[in-house]
Each structure stands twice: as C-alpha cells, then as structure tokens.
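# Architecture and fold: a report
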Amino acid sequence: MGMVDLEKAPGAGSQAGPGEPVRRSDAEGCLAVAIRIPVRVVVLVLVVPVRVVWDALVVAGRFLRDAVLRPVGRALAWLGRAVFVWPLVGLWRYAVVPLAEGVGWLGHVLLVVPAVWLYRWVLTPVGQALARFFTRVGAVLAAAGRGLYAGLAWLGRYLAVVPAVWLYRWVLAPVGHALAWCGRQVARGVGLVVTGVGFVLYWTLRVLLVLPALAVWRWVLAPVGRFLAVVGREVADALGHAWRVAGHLSRAVGRFLGTVLRWTVAEPARWVYRSVLTPVGHAVRDAVLRPLAEAGRGARRAAGQALASARLSVRQARADVRRLLFGGPAERQPVDRREPSAAEARTLGSSTTALTKD
C-alpha cells in the first residue's frame, strides 16, 4: 500500500483553466491548509479502529447470513408451506370450490331462474303498462303546467319586474352613484394618511432594526459562518479520507490474518490430509474394506444360490405331490411344423382334385 498524500500538491489549485470557476478550497488558501492536516490526523486515529470493527462485523454478518440465517429461513419457509399453505390449498381446492359451485348452482336454480321468469313475464308487462299510463298523464300535466306558468309569468312581469326596474333606474342607481363617489373620496383621504404613516414607520424600522441587523450579518455572522463552513468541509473531507485509509488498513490486516490462518491451520491440515490421511485411507481401503466387500459379495452370492436351490427343491416337491394326488397332465402330441416336400405336395394336390371331382 502506497503512502497517503495528506497535503495537496503545490500549484494543484492554481492550474484551473480560463473558463473554469475557482474552487472554494483554492480561495481559502492557508486557512484551509492549516486546518486540514491536524484534523485529518485526529480523524484518522479515531476512525481506524471504527473501520476495523465495522469490517469485522461485516464479515461476521455475512458468515452468519450464509451459514445460519439462509438455511433456517429455507427450513422455516418449507415448514410454513407444509403447515399452512398446502392444507389451505387442499381445503380450497377440494372443499371450498366444490361447495361454492354446488351453492352457486343451487342459487341459480332456486333464485335466478324464478327471478328471470318473474321479471320477463310479470314485471316487464306491468312496468310497460304503467310507463304508458304515466306518460299520458305526464303529457296532460305538462300542458296544464305550461299554461299555468305562462299566466304566472305574465302576472309576475307586470306586478313585480316592471316596478322593480323603474325603482332601480330612477331611485337606487342615482343614490348608489352618489354614495360611491363619497366613499372614493373618503378612501383617498384615508389612503394618503396611511401612506404617510407607513413611510414614517418604514424609515424608522429601517434605521433602528434593518441597518444594524445588516451590519451584524455582514461583518460578524458571515465571516464566522464562512470559517465554520471551512472547518465543517475539512472535517467532512477528513472523515471520508480517513474512512478510505482505514478501509485499506482493515483490508491489509484482514489479508495478514488470512495468511497467518492459512499457513498455521489450513496448510498443515491440507498437508496432513494429503500426506497422512489419504495414504492411510487408501491402505485401509485396499487391505481391509475391499476384502471385506469381496467376502460380503461372495456370501451374498452363496446365500442367493442356496435360496435358489431351496426354492427349486420346494417347487419340485410341490409338483411331485400334485402329480401323486391328481395325476399327471395329458401328454400333448407334437405337431409337425416343417414344410411338405415336392412329392408330398403333388400327392396332396391330386387327392384334393379327386375329392373335388367326386
């Protein structure tokens, strides 16, 4: 692992192009450099143990996940399927679905079919008759309503609308215009008073509050904020840098411990397995296990042959007893299945012709 560069290279920040903006770290200059080195040293000392512990916890968590949690999770998943899912699926498939189909068919026969018949042959004719009746009654009532509406509209126009329009045009409108002009004049005077009072209050508050607050912000809070921003940015950069360095150190420590375990445990165990246990196992296999296996196979073949001989003897004894009690089976005459010769074919043909002529 190479050396970690804790300082920036000289002139690295001053090589920005003519069109590139100047970074804030380049603008701060010596203040950022003076803060950066001690902060990074302190943060590196504090972060390295945390990163080592974190990497150890990550390795332990991965081992626990692969060796314990995944097998336990798969076993629990299989157990859950066996205990809950499969019984529920069987209950749904072989009990609920057939029962629901039967209930649906029964409901269709007992409810839907009578309801359709009642709707088609009773409610529809009655509804059509009522619709025709109410249509005609509605037409009569609509004609009467139109006449009544026309009469009431004429009376309302000449008894209410015409007097109201005359009253609005010749009485209310002039009075409203006069009141509106008076209100505008009063509002203009009040506006002038409010404007003057607001102008005085504005300059009073500006002189007493805004200008002192602006001075405090510009000459006190802004410099302190910039300083704290530089410190915070350097601390954040130091944390990131220390975390990466701690990662390299943790990886180096892990590789060292892995190498130590390999040369102290794994390599001796592999050498013992390859140089001691494997020859001993081969010797035991060739000297003990294979002769025992051959002897076992020979005993099994002998036992099989003895059992076959015993079964054959029992079968023959059973056949002899059956023959003594019930007699032997009738002998079958052998059938000549060979093809006839040429002379026999001619003799057979002449005999067949003579029988045909007779």
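Bear in mind the structure is a predicted one, so any value in this text is a computation, not a measurement. Positions within a chain are numbered from 1, following the residues in the order the chain's sequence is written. Local features are withheld for residues below a pLDDT of 70 in this predicted model, meaning they are given only at 70 or higher, and side-chain atom pairs are given and counted only at 80 or more; totals for whole chains, interfaces and linings count all residues. Hydrogens and water are ignored here; the side-chain numbers use all heavy atoms of the structure.

## Considerations on the overall build of the chain
Helix and strand assignments follow DSSP, with helices taken as H or I runs no shorter than four residues and strands as E runs no shorter than two, numbered in order from the N terminus. When helices and strands are tallied, the chain shows 3 helices and 0 strands. Reading the helices (α) and strands (β) of the chain from amino to carboxyl end gives α-α-α. Burial analysis of the chain (358 residues in total) assigns 7% to the buried set. In short, Shrake-Rupley with a 1.4 Å probe defines the accessible areas, and a residue's cover is counted only from the protein chains shown. When the accessible surface of the chain is split by element, carbon and sulfur atoms take 72% of a total near 30,000 Å². We call a residue buried when its accessible area falls under 20% of the maximum for its residue type, exposed when it is over 50%, and partly exposed in between, using a 1.4 Å probe and counting protein chains only.

## Observations regarding the side chain of Ser250
Mapped onto the fold, Ser250 is located in helix α2 (residues 30-326). A residue is classified by how much of its surface remains accessible, and Ser250, at 9% relative accessible area, is buried. Residues are treated as being in contact if the distance between any of their heavy atoms lies within 4.5 Å. Once residues lying within four places of it in the same chain are set aside, the contact partners of Ser250 are Arg51, Val52 and Asp55.

## A few points about the pattern of salt bridges
Any two side chains of opposite charge can pair, so long as their charged atoms come close to each other. Criterion for a salt bridge: a side-chain nitrogen of Lys or Arg within 4 Å of a carboxyl oxygen of Asp or Glu. Under the definition given, this model contains 8 salt bridges. Where Glu267 meets Arg262, a salt bridge forms, and the shortest distance between an N and an O atom there is 3.3 Å. Close ionic contact of Asp286 with Arg285 constitutes a salt bridge, the shortest N to O distance being 3.5 Å. Since its relative accessible area comes to 40%, Asp286 is described here as partly exposed. It is possible to trace a salt-bridge network through shared partners that takes in Arg65, Asp66 and Arg70.

## Topic: the confidence of the model for the chain
Summary statistics for the chain give a mean pLDDT of 81 and a share of 82% for residues scoring 70 or more. The least confident element of the chain is helix α1 (residues 24-28), whose mean pLDDT is 46; the most confident is α2, at 87. Here residues 1-27 is a poorly scored stretch, pLDDT under 50, and it has 17 contacts once near neighbours within four places are set aside; other chains count. Looking at any residue, its pLDDT shows the predictor's confidence there, from 0 to 100.

## Remarks on the nonpolar core
Grouping buried Ala, Val, Leu, Ile, Met, Phe, Trp, Tyr and Cys residues that are joined through side-chain atoms within 4.5 Å yields what is termed a nonpolar core. Core analysis: the biggest nonpolar cluster contains 9 residues, these being Ile35, Val39, Val43, Val47, Val48, Val230, Ala238, Ala242 and Ala246. Sequence-distant contacts of Ala242, defined by excluding residues within four places in its chain, comprise Val43, Leu44 and Val47.

## A look at the packing of aromatic side chains
Each aromatic pair joins two rings of Phe, Tyr and Trp (for Trp, the six-membered one) with centres within 6.5 Å, and gets the label stacked for planes under 30 degrees apart, edge-to-face for over 60, and tilted for any other angle. Inspection of the entire model under this criterion finds 5 aromatic pairs. With centroids separated by 6.2 Å and ring planes inclined at 90°, the aromatic side chains of Trp78 and Trp86 adopt a geometry described as edge-to-face. Summarising the aromatic geometry, the rings of Phe133 and Phe134 are spaced 5.4 Å apart at their centres and angled 70° between planes, so their arrangement reads as edge-to-face. When sorted by exposure, Phe133 lands in the same class as Phe134, which is exposed. Counted as over-ring charges are cases with an Arg CZ or a Lys NZ within 6 Å of the ring centre that also lie within 35 degrees of the ring normal. Taking the ring centre of Tyr158 as reference, the NZ or CZ of Arg157 above it sits at 6.0 Å.

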